[in-house]
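Results of the structural survey
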Amino acid sequence: MAASDEQAQLILDLFEWFSTFEDSQTLADKIAEAGAVLGGYGAALLSLALPEGAVLGNYNLSEAEMDHFRAKARGAPIEERRARRRRLREQAIPGTGIAYVRHATESDWNALPSPPGRCREGTWDPRDTLYVLMRGRGGEDVGVLSLDAPLDGMAPTEKDLERLGLVERLAGVASNLLETRLYHEGLHRSEARFHALVEQAGDAIFLVARDGRILHANPWACASLGHAPEAMCSMHLRDFVVDFEDAHLDATWERSAARPATVPGRHRRKDGTTYPVEVRYARIQLEGEPALVAFARNVEERQLMEMRLRHTQKMEALGRLAGGLAHDFNNLLTVILGSCDVALHKCGAGGPGAELRVIRSAAEDASHLTDQLLDFGRERAEVTRPIDVRDAVEASAPLLRSLLGRGVPLEMAMPLEACRIEADPSTIGRILLNLAANARDALAEQGTVTVPVRSGAEVVVLEVVDDGAGMDDATQARLFEPFFSTKGDHGTGLGLAAVYGMVDRCGGTIEVTSEPGAGTTFRLSFPRVP
């Protein structure tokens, strides 16, 4: 067999050997080893960089040296590496991809002390390197095989360069295989990142065919709708999109052609309940076919927060209005009450005393209403201090039992630990009286009112619970509005509005849980203080 045939067979055998290594790092190490052995060198470094990834192959280099090379590779942009390979190509021996670079000048070399066992002239400078450039499929140099420290310690001769031609052929064949490995590994990493992004996303993500069939749904989509993944992939948009129409899908398809389209809607869970969503559709190509990727976000919590914000803003506006009116009305009542007292004093036992007392009683009732308006509008002057909610509840118990009547027992549950909050001492009593009156009307003289107190790490919770008629959602939505009442002509609609103002003034919050026929729970949470 001719020498050239032997070399070709050797390259083929090495290529088949290289093909048995599946990961790019092991393959790069084996290519570096083969290049060093074929060329007669004691150490080698292979550096190959592509947009899909980069790899450093090592043969007979220490870990410290490899750490140095890895640090340099991490800090070098790909354009800088390409420029370096172009410079090496310019320095290469004509007709080859081999460049011999002396990194020290002659004067620098002569100034160095002679290493033991070496002479200066014609020997290998440890800082000199022989580079074998590696071409990629596109004809561009994509990597370099650096050979260091020839085994005979001598600089390369023409005979050596003939042997290195085999190394160059090997590098050219191996670079294609290594390039393929890096491409597939980069593709695998990209797929893994995409899979992690989609599978761990906090939004429901669907791949939708042109006709509305679900091609894929991520775990969040399956959990949100309550369907198993295999069930989702056999479903159609109409199976869970409320009020789905083919015309809507056609319109979304057209709108998403130029840019992603955002569509509000509602999705139906497996149990039949629905929730609001905001869906963003984008047109993509999937395996050569057009499709939609849909990102569906549950906006139920956001809508609830927006509703609460609007309610808070409305209550603040009403509070300012109510507070201003109450102040002006109180000034008028002061004049009326004072004039009644003067007139009653002048009348003595006779005259229109009875009529004046009626006027005064009505003015006192009106003054009570203005006090409630001031409570709601946060205009009442108060002096706050740390108080124990347990003491305030127990002090209010006699009044609460009298208000509820004998037919409605009052039960209380107190913790052993202190439940201190910052409030006016009379605030808790006024809150409980208003909530107890509301519970009494809901019970119609039959049922139980419970007042439990709980102490947490940061809040003190006070509840007023009744097992009365309860309320529907429409009533709960307007519960704290001033002048809203379910008692007809018998209520002023200011009691719960005043409670809302007092709780807010203490820095607390109030929640209501109620269903028709299932009673009502008012849950008040106050910041706990030491």
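Everything below is about the structure printed above this text.
Here's a quick rundown of the structure.

Reading guide: rules and limits
- Residues numbered from 1 in each chain as written.
- Predicted model: local features only at pLDDT ≥ 70, side-chain atom pairs only at ≥ 80, totals over all residues.
- Heavy atoms only, no water.
- Helix = DSSP H or I, 4+ residues; strand = E, 2+ residues; numbered from the N terminus.
- Contact = heavy atoms within 4.5 Å.
- Areas by Shrake-Rupley, 256 points an atom, 1.4 Å probe, with all protein chains shown as cover.
- Pairing = 2+ DSSP bridges.
- Axes fitted to C-alpha atoms, helices over the stretch in contact; angles between N-to-C directions.
- Phe/Tyr/Trp six-rings, centres within 6.5 Å; stacked < 30°, edge-to-face > 60°.
- Buried < 20%, exposed > 50% of the residue type's maximum accessible area, 1.4 Å probe, protein only.
- Core = buried A, V, L, I, M, F, W, Y, C linked by side-chain atoms within 4.5 Å.
- Salt bridge = Lys/Arg side-chain N within 4 Å of Asp/Glu carboxyl O.

**As for the overall build of the protein**
Per the secondary structure count, the protein includes 15 helices and 17 strands. A separation of at least 24 residues holds for 62% of the contacts in the protein among residues at least 6 apart in sequence. Of the roughly 29,200 Å² of accessible surface on the protein, a fraction of 54% belongs to carbon and sulfur atoms.

**Topic: the sheet that holds strand E10 (residues 289-298)**
Hydrogen bonds between backbone groups are what pair the strands of a sheet, and the pairing can be parallel or antiparallel. In space, the five strands of this open sheet follow the order E7-E6-E10-E9-E8, with antiparallel pairing throughout. Each edge of the open sheet carries a strand with a single partner, namely strand E7 (214-217) and strand E8 (261-268). Across the sheet, the mean angle from the axis of one strand to that of its neighbour is 30°, orientation sign disregarded. Here strand E9 (residues 274-286) runs beside E10; their pairing, made up of 10 bridges, is antiparallel. Its bridge partner lying in E10, Tyr281 is registered against Ala294.

**A short note on the packing of aromatic side chains**
On inspection of all chains with the given rule, the structure shows two aromatic pairs. Residues Phe206 and Phe240 carry aromatic rings whose centres are separated by 5.3 Å and whose planes lie at 20° to one another, so their mutual orientation is stacked. Pair noted here: Phe206 is in strand E6 (residues 204-209) and Phe240 is in the loop between helix H8 (229-232) and helix H9 (246-255), with a separation of 34 residues, a long-range link. The exposure class assigned to Phe206 is buried, which follows from its relative accessible area of 3%. Pairing Phe480 with Tyr500 gives two aromatic rings, centres 5.6 Å apart and planes at 40°, and the pair type is tilted. In this pair, Phe480 sits in the loop between helix H14 (473-477) and helix H15 (495-505) while Tyr500 sits in helix H15, placing the two residues 20 residues apart along the sequence. Judged by its relative accessible area of 8%, Phe480 falls in the buried class.

**Side note on the nonpolar core**
Core analysis: the biggest nonpolar cluster contains 38 residues, and Ile428, Val449, Leu462, Leu524 and Phe526 have the highest contact counts within it. Those elements giving two or more residues to this core turn out to be helix H12 (389-404), strand E13 (420-423), helix H13 (427-443), strand E14 (449-455), strand E15 (459-466), H15 and strand E17 (520-527). Top contributing element to this core by residue count: H13, with seven residues. Contacts of Leu524, omitting those with residues within four sequence positions, involve Ile431, Leu435, Val460, Val461, Leu462, Val503, Thr509 and Ile510. Listed in part, the 33 residues of the second largest apolar core include Leu164, Ala171, Leu177 and Leu178.

**What about the pattern of salt bridges?**
A complete count under the given rule lists 17 salt bridges for this structure. Residue Asp67 is joined to Arg70 by a salt bridge in which the shortest nitrogen-to-oxygen separation is 2.9 Å. Within this pair, Asp67 and its partner Arg70 are both found in helix H3 (residues 63-75), separated by three residues, close to a single helical turn. For Arg70, a relative accessible area of 31% puts it in the partly exposed group. In this structure, Asp141 engages Arg89 in a salt bridge whose closest nitrogen and oxygen atoms are separated by 2.7 Å. Of this pair, Asp141 sits in strand E5 (residues 141-150) while Arg89 sits in helix H4 (residues 78-91), and the two are 52 residues apart along the sequence. Of the residues examined, Asp141 reaches a relative accessible area of 10% and is grouped as buried.

**Looking at unusual backbone geometry**
For Asn60, which is not glycine, the phi dihedral falls at a positive 65°. The phi dihedral of Asp243 is positive, around 60°, even though this residue is not glycine.

**A closer look at the sheet that holds strand E16 (residues 509-514)**
Reading across the sheet, the five strands line up as E12-E14-E15-E17-E16 and stay open at both edges, with mixed pairing between neighbours. Strands at the two margins of the open sheet, each flanked by one partner only, are strand E12 (410-413) and E16. On average, adjacent strands in this sheet sit at an angle of 15° to one another, irrespective of strand direction. Two elements, E16 and E17, share six bridges in a ladder whose sense is antiparallel. The residue of E17 that forms the bridge with Glu511 is Arg523. Each of E14, E15 and E17 touches H13; the most contacted strand, E15, lies at about 25° to it. Here H15 sits on the sheet in contact with E16 and E17, set at roughly 140° to E16.

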